[in-house]
Each structure stands twice: as structure tokens, then as C-alpha cells.
Amino acid sequence: MNTPANRREYSDPLLANPQSANPVTPDRLFYAAGILLDAEDFRAEQLYHRSRLARTLAYLHGSGTVAGLSVVWEPEGEEELVVEPGLAIDRLGRLIEVPRRVCIRLNRWFEDQTDDTLTQGLKGPPYNGIVVDVFVHFVTCERGKTPALAAGPFDALDAVQPSRLRDGYEVKLVSRPEAGPPLPVRPWPDLGAIASLSDRRQTLHEGILNGWQRETVGWDDNGPVGLPEHVANQNPTAVFLARVVIPATGEGDRPERIPDAEVTVDNLSRNFVYTAGALASWLGTVLPRDVTEEPEEPEPEEPEPEDPEDPEDPEDPEPEEPEPPEDPEPEDPDPENPDPEEPEPPAPEPPET
């Protein structure tokens, strides 16, 4: 179901038990002039880089949903469960990328199930329906078959080998036969419930000290064993995405779906991988404004009109006193004497006889 083409069960070296007597230890390939390299050397080179990246992702970020992968019920047309594109990390640290929408035709899946599977999946309150879980797991796809030398105790003229291996995925809908279907376990303690800062710090440090090989506890010679959210004979590295409840009734030998009943999808019970940006936003250190939005330029403030009646405004200029008008020059009554202020002297008197 929803499996890429050319998929084959490929033995991934990352599935080897790290606690076995002879664990697979990745070694870096050493290059020197004159050394002959064969296929095993190049496989060791790839294993080293893949294992270092997987270990980094598993321990620094954990397993779960990184982005996307929301499960949506679409009843229009042919009823489908749709897994949106996204990215996840499995418990080994391998990236699982779903580049496009994946559709599961719900009616066809229901019809393909046996009576026992549907009967075991039918639950009473609080579900009142058939409980199924959506998983995605990592697969390897062979590509580019090319002629190669035959391997093994036989001769062949048509032996081929893949020239490429593509990291793929597979989405499955799994019915839950348990009476109380378990959900994924949170890998870290609930620190938010601890009020004391010192106690919270101590609990966090204890979780770090006990976190070594947390994802590999319970492995056997065949690889990792299933987690609580996995059913028997299921891929133990599958990542839980959502819990789906299909309303149905158990009257008769085979449960039947309730017509026009809404299918419920729980997307929030999965484990999430929190990025640095998500944690910064949670702590309130990121501006709420979209960084791609151009900031608006502030409008220039208009100056307030001056109030001439305000005597307290120091910027108002003092009113200037009007200059007195100049006195007009008096008219000259005597044109022969232009200066009226200097009168002519009187004529001398005649002498007495």
C-alpha cells in the first residue's frame, strides 16, 4: 500500500544491534596511493557517513514528525484518508521524506480486511468505532539495474545489480486489536509540571544521563523490538502519525460502517521533533511579525498649528510696536525766508538831531 516502485526488503546495516557481541562499528575509509578499493570499501564509506548523520539526528532531535505529515479525512467523492507531504525521523535517525500527498481509499481498505480484524478493532466508548493507526516507515528502493558479476555458488550470464538505492517510504493503516490501544510514549519527562526551577533542572539532567541508547533498549539479534504503539509483526521503526476512528456497529458477523458518520482523526498524539525556530517561538524570543513582510514606513507628522493667543508659547514672536509716523514738514509762509526759526533782524533807527 502506497509503496514506491522497485521496493525490496533491503538489509540496512543501521538495523544491526549495537549491543551485540559483534556490533557493526562504522570505520572511516583511509585513502593512500596504491591501495586497491573494492565494493566493500565503498559500502563502508557510505555506512560511516550514514551512521554518523543518523546518530546525530536520533540523539539531538529524537524521533517523530519534523514538518507536515498531517492526516486529513476527505469524504467528498471517493472517501480517502490523505497524508500531507512532510518529513519525519525514525528511531534509528533515518530521514523519512514524503514529497507528495499519499491517499488511502478508506472504503477499499475496509472491504479488504477480514472479519476477525474488523471485530478486534471495534471498540466501545470512548471510541465507538474501529480504531486504526496511520504509520510511515523507511524503505529502500532499488533503481537503475545494471549487469554485474554473479555472486554466490553459481554461474549466471544475466546477473544484474541496482546501480542506485533511493530512500523511500511506505504508509500503512494498522487496525488495533488491543482493548486499550496505547499511544506513543513521550521520551522526556513532563518538566512543565515541576514548579521549582532547581528540581526541574535536576530532572532534566537525569533524563540526559539516562538517555544513552534509549532507542536501542530491548533489541535482539534480529534488530529493534516494537515500541508500545506498534502491533505484533509490525515494522518496529515505523513512525506513528495519527489515530483514526471509523464509526461502525458490531451487529452481525462482520462490523458495518455507520452511514454518513464522520471519521475522526487525532493528529496531536504523535511525537514531534521541535526545531530551534519552534523552541524560540515558544519561548517568545521571535517577533510575531512575518520576517518576509516589509516594514511600513512611518508617515511624517504634520506640525501642529500655532496658537497666537497662547501667551505661554515661547516660540511665538512678541508683537512689534508700530513706529510713530514722521511729522510732516511745515509749509514755508515766506518764500524769501525759508527758515522761519531765524527771523530777519529789525532795521536800524535813524539818529536823533
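Coordinates for the structure precede this section.
In this text, all values refer to a predicted model and were calculated from it rather than measured experimentally.

### So, the overall build of the protein chain
Logical step 1: Each helix and strand in the protein chain was counted, giving five helices and 12 strands.
Logical step 2: Taking the intrachain contacts of the protein chain between residues at least 6 apart in sequence as the baseline, contacts between residues at least 24 apart amount to 67%.
Logical step 3: Roughly 25800 Å² of accessible area belongs to the protein chain as shown, and the carbon and sulfur atoms make up 52% of that amount.

### Digging into the sheet that holds strand E1 (residues 64-68)
Logical step 1: Here three strands make up an open sheet; going across it, the order is E1-E4-E5 and the pairing antiparallel. Each edge of the open sheet carries a strand with a single partner, namely E1 and strand E5 (95-98). Neighbour-to-neighbour, the strand axes of the sheet open up by a mean angle of 15°, direction not taken into account.
Logical step 2: Here E1 pairs with strand E4 (residues 86-89) via four bridges, running antiparallel. Looking at the pairing, Gly68 lines up with Gly86 of E4.

### Let's talk about the sheet that holds strand E3 (residues 80-83)
Logical step 1: Strand order across the open sheet formed by three strands is E2-E3-E6, with antiparallel pairing between neighbours. This sheet does not close on itself; its edge strands, each paired only once, are strand E2 (71-74) and strand E6 (102-105). Sheet twist, expressed as the mean angle between neighbouring strand axes with direction ignored, is 25°.
Logical step 2: As paired strands, E3 and E6 are joined by four bridges and run antiparallel to one another. Residue pairing in the sheet places Val83 in a bridge with Val102 of E6.

### Remarks on the nonpolar core
Logical step 1: Counting residues in hydrophobic clusters, the biggest one holds 29 residues, and the most contacted among them are Leu81, Val83, Val134, Val136, Val171 and Leu173.
Logical step 2: Elements represented by at least two residues in this core include exactly E2, E3, E5, E6, helix H2 (106-112), strand E8 (129-147), strand E9 (160-175) and strand E10 (239-249).
Logical step 3: Sequence-distant contacts of Val136, defined by excluding residues within four places in its chain, comprise Ile96, Val98, Tyr169, Glu170, Val171, Ala238, Val239 and Leu241.

### Considerations on the pattern of salt bridges
Logical step 1: What the rule picks out here adds up to 14 salt bridges.
Logical step 2: Its salt-bridge partner being Asp12, residue Arg94 comes within 3.0 Å of it at the nearest N-O pair. With Arg94 in the loop between E4 and E5 and Asp12 in the segment before helix H1 (39-60), this pair connects stretches of sequence that are 82 residues apart. Each member of the pair, Arg94 as well as Asp12, is classed as buried.
Logical step 3: Salt-bridge contacts for Glu74 lead to Arg101; the nearest nitrogen and oxygen are separated by 3.1 Å. Placement of Glu74 in strand E2 and of Arg101 in the loop between E5 and E6 is noted, with a sequence separation of 27 residues between them.

### Quick notes on the packing of aromatic side chains
Logical step 1: For the structure shown, the criterion picks out one aromatic pair.
Logical step 2: Between Phe135 and Phe240 the ring centres are 5.6 Å apart and the planes differ by 80°, which places this aromatic pair in the edge-to-face class. Here Phe240 lies in strand E10 and Phe135 lies in strand E8, a separation of 105 residues in the sequence.

### Some details on unusual backbone geometry
Logical step 1: Of the consecutive residues Pro125 and Pro126, the connecting peptide bond is found in the cis state with omega at 5°.
Logical step 2: Even without being a glycine, Leu69 presents a positive backbone phi close to 65°.
Logical step 3: Examined against the element boundaries, Leu69 turns out to sit in the loop between E1 and E2.
Logical step 4: You will see that Asn128, though not glycine, has its phi angle at about 55°, which is positive.

### Focus: the pairing of E10
Each regular strand carries side chains that alternate between the two faces of the sheet.
Logical step 1: Of all 11 residues that make up E10, 10 are buried, and the element is covered over most of its length.
Logical step 2: The pairing of E10 with strand E12 (residues 264-266) spans three bridges and is classified as antiparallel. Its bridge partner lying in E12, Arg243 is registered against Asp266.
Logical step 3: Here two bridges tie E10 to strand E11 (residues 256-257), and the two strands are oriented antiparallel to one another. Note on E11: the bridge partner recorded for Thr249 is Glu256.

### Quick notes on the environment of Arg91
Logical step 1: Along the polypeptide, Arg91 turns up in the loop between E4 and E5.
Logical step 2: Among the polar contacts listed, one links the side chain of Arg91 to the backbone oxygen of Val225, at a separation of 2.7 Å.
Logical step 3: Side-chain polar atoms of Arg91 contact the backbone oxygen of Pro236, separated by 2.9 Å.

Calculation notes
By convention here, each chain's residues receive numbers from 1 onward along its written sequence. A pLDDT threshold of at least 70 governs which residues receive local features in this predicted model, and a stricter bar of 80 or more applies before side-chain atom pairs are shown or counted, although totals over entire chains, interfaces and linings include all residues. Excluded from the side-chain calculation are hydrogens and water; included are all heavy atoms of the structure. Where helices and strands are cited, they refer to DSSP runs of H or I of at least four residues and of E of at least two residues respectively, numbered from the N terminus. The contact rule is simple, with two residues in contact once any of their heavy atoms fall within 4.5 Å. The method behind every accessible area is Shrake-Rupley, applied with a 1.4 Å probe, and residues are considered shielded solely by the protein chains displayed. A pair of strands is treated as paired once DSSP finds two or more bridges between them. Interaxial angles span 0 to 180 degrees and are taken between N-to-C directions of axes, which are lines fitted to C-alpha atoms, for helices over the stretch in contact. Throughout this description, the term nonpolar core refers to a set of buried Ala, Val, Leu, Ile, Met, Phe, Trp, Tyr and Cys residues connected via side-chain atoms within 4.5 Å. Partly exposed residues are those whose accessible area sits between 20% and 50% of the maximum for their type, while under 20% is buried and over 50% is exposed, using a 1.4 Å probe and protein chains only. Here, a salt bridge means any side-chain nitrogen of Lys or Arg that lies within 4 Å of a carboxyl oxygen of Asp or Glu. To pair, rings of Phe, Tyr and Trp, with the six-membered ring standing in for Trp, must have centres within 6.5 Å; the planes then decide the type, stacked if under 30 degrees apart, edge-to-face if over 60, and tilted in the middle. By the criterion applied in these results, polar contacts are pairs of N or O atoms within 3.5 Å in which, for protein atoms, one can donate a hydrogen and the other can accept it, and in which residues neighboring in sequence qualify only through two side-chain atoms.

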